[in-house]
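Structural characterization, general
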Amino acid sequence: MSERINGRMPNEALERSRIHNVAIVGAGAAGLGCAVALGEFGVDDVVILDRHEVGASFRRWPQEMRFITPSFTSNAFGLLDLNAIVPGTSPAYTLASEHPSGVAYATYLDNVAQYFELQVKTGIDVCSVAVEANGTFTLTTTGRPVRAQHVIWAAGEFQYPNRNSFVGAEFCRHSSEVRTWQDLEGDQFTVIGGYESAADAAVSLVQLEKSVTVLARDATWNSEHPDPSISLTPFSLERLAWADSTGSVNLFGDVDITSVRVDGDRWLLHASDGRRWASETRPILATGFEGSLGRLDGLLEYDEDDILVVTEEADESTLAPGLFISGPILEHRGVNFCFIYKFRQRFAVIADAIAQRLGLDTTEAVAARRAAGMYLDDVTCCEESCAC
């Protein structure tokens, strides 16, 4: 039996015994967005845990990196800012910036957390999640264990870079490790990768009057696919075209780098088709992120292509009911929800499912979110299609 003082349990014992309605892992765009949605649906007992601080991943972007999705204040006309996570807010209005930096966007997230009085606990790393016999969850953390009826995993990807793409990848520098491109010494650089982080690295280096070689499996700069999760965004294409026009960028598609090794003061890069490149500086890995789902070992299902499987009804684990996934790792019917304007459409869907299980009437809240354009419950409509 727990020790009691003056008829009451000590605070530590109370903390251990309390079961929250919802525990959210991650205080970024997805975590805070879900928390606000839950409040609108009447779910108030929500705790948000983050290993660092609010908007931690955005704060760790390279200083030169900017949002590739534009922000624009258009609420008065019934249209959301593409980077807003809550109806009636706009990063463009708050930050006076169309393509905000990571640090600036973290300021917007801080404002959201403060305005909606969200219960955010920072400096707490969630090490694992377990399901108890009664169906509740216990989160093992670097502090006290946290217990909850429902868990929303919104830990993101940026802090979990993919550093093991090929043999010798450890000799490279992942793009997420760069705080500012001005710190890198040298005049000639090699970037491995072809998507947004690769384009951003190349453009940032050219702006510093460097020469850049980009080696990519897919020539994304030539793709006509309408989904910017598959091809490059217009913002990146425009900037990469400028960099290419300077003559300082060499773009190579259909290159599968299989190994990198150090040869004296050079780095030698080998491709699967036998081609080789030599780099005067440490190659830059722009190979994406592994994500944080490894901490949910045994609680999630994956298909034969190792793609995460969650319910289309509410992005819920098929193996652990009550565990929901939110953020850029989300995918449905071959459509990636990696941009904020995509995955925010599911915040209220998750909130609705949790609120109903807690016995709350969600009719008005659903209507309000639908009116705001932030309630996408039919993922069959997500296939990209552009007439011209």
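Reading the values: the criteria
- Residues numbered from 1 in each chain as written.
- Predicted model: local features only at pLDDT ≥ 70, side-chain atom pairs only at ≥ 80, totals over all residues.
- Heavy atoms only, no water.
- Salt bridge = Lys/Arg side-chain N within 4 Å of Asp/Glu carboxyl O.
- Helix = DSSP H or I, 4+ residues; strand = E, 2+ residues; numbered from the N terminus.
- Buried < 20%, exposed > 50% of the residue type's maximum accessible area, 1.4 Å probe, protein only.
- Polar contact = N/O pair within 3.5 Å; in protein donor to acceptor, adjacent residues only side chain to side chain.
- Core = buried A, V, L, I, M, F, W, Y, C linked by side-chain atoms within 4.5 Å.
- Contact = heavy atoms within 4.5 Å.
- Pairing = 2+ DSSP bridges.
- Axes fitted to C-alpha atoms, helices over the stretch in contact; angles between N-to-C directions.
- Right-handed = clockwise from strand over helix to strand, strands pointing away.
- Phe/Tyr/Trp six-rings, centres within 6.5 Å; stacked < 30°, edge-to-face > 60°.
- Expected span 1.5 Å × (residues − 1).
- Arc of directions from axis to C-beta.

Attention now moves to the pattern of salt bridges. Under the criterion given, the structure shown has 18 salt bridges. Note that R346 is salt-bridged to D315, the shortest N-O span being 2.9 Å. Here D315 lies in the loop between β16 (308–309) and β17 (323–325) and R346 lies in the loop between α8 (340–343) and α9 (347–357), a separation of 31 residues in the sequence. A single burial state applies to R346 and to D315, both of which are buried.

Position of H150 among the secondary structure elements: in strand β6 (residues 146–153). The class of H150 is buried, set by a relative accessible area of 5%. For H150 and T107, which are 43 residues apart along the polypeptide, the C-alpha to C-alpha distance reads 28 Å. Reaching out from H150, the side chain makes a polar contact with the backbone oxygen of N21 at a distance of 2.9 Å.

With that out of the way, let us pick up the nonpolar core. Formed by 78 residues in total, the largest nonpolar core has its most connected members in I24, I85 and L139. Beyond its immediate sequence surroundings of up to four residues, I24 is in contact with G31, C34, A35, L38, V46, V47, I48, L49, I152 and A154. Counting 22 residues, the second-largest nonpolar core is a separate cluster that includes A201, V203, V206 and I284.

Read across the open sheet, the 3 strands follow the order β11-β12-β13; overall the sheet is antiparallel. The two strands at the open ends of the sheet, each matched to only one other strand, are β11 (257–263) and β13 (276–279). Averaged over all pairs of adjacent strands, the angle between strand axes in this sheet comes to 20 degrees, irrespective of strand direction. As paired strands, strand β12 (residues 266–271) and β13 are joined by 4 bridges and run antiparallel to one another. Paired with W267 across the strands is S279, a residue of β13.

Let us look at the pairing of strand β9 (residues 211–215). The side chains of a regular strand alternate, residue by residue, between the two faces of the sheet. Taking burial as the measure, the 5 residues of β9 include 4 buried ones, the bulk of the element. Here strand β8 (residues 188–192) pairs with β9 via 5 bridges, running parallel. The residue bridging T190 from the neighbouring strand is T213, located in β9. A crossover links β8 with its parallel partner β9, the connecting element being helix α6 (residues 196–207), and its sense is right-handed. For the crossover from β9 across helix α7 (residues 234–245) to strand β10 (residues 249–252), the handedness is right-handed.

Tallied over the full model, the rule gives 11 aromatic pairs. With a centroid separation of 4.5 Å and 40 degrees between ring planes, the pair formed by F67 and Y105 is classed as tilted. Of this pair, F67 sits in the loop between α3 (56–59) and α4 (91–95) while Y105 sits in helix α5 (residues 102–115), and the two are 38 residues apart along the sequence. Ring geometry for F158 versus F289: centroids 5.3 Å apart, planes at 40 degrees, classification tilted.

What follows covers α5. With 14 residues, α5 extends 20 Å from end C-alpha to end C-alpha; this agrees with the ideal 20 Å at 1.5 Å per step. For α5, the full list of buried residues reads G102, Y105, A106, Y108, L109, V112 and A113. Each buried residue of α5 sits inside an arc of 155 degrees when the element is viewed along its axis, so together they form one side. Seen from the open side of α5, the exposed residues pointing more than 90 degrees away from its buried face are Q114 and Y115. Where α5 is buried, its residues meet α2 (29–40), α3, α4 and α8. Two residues or fewer after α5 comes E117, characterised by a positive phi angle close to 50 degrees.

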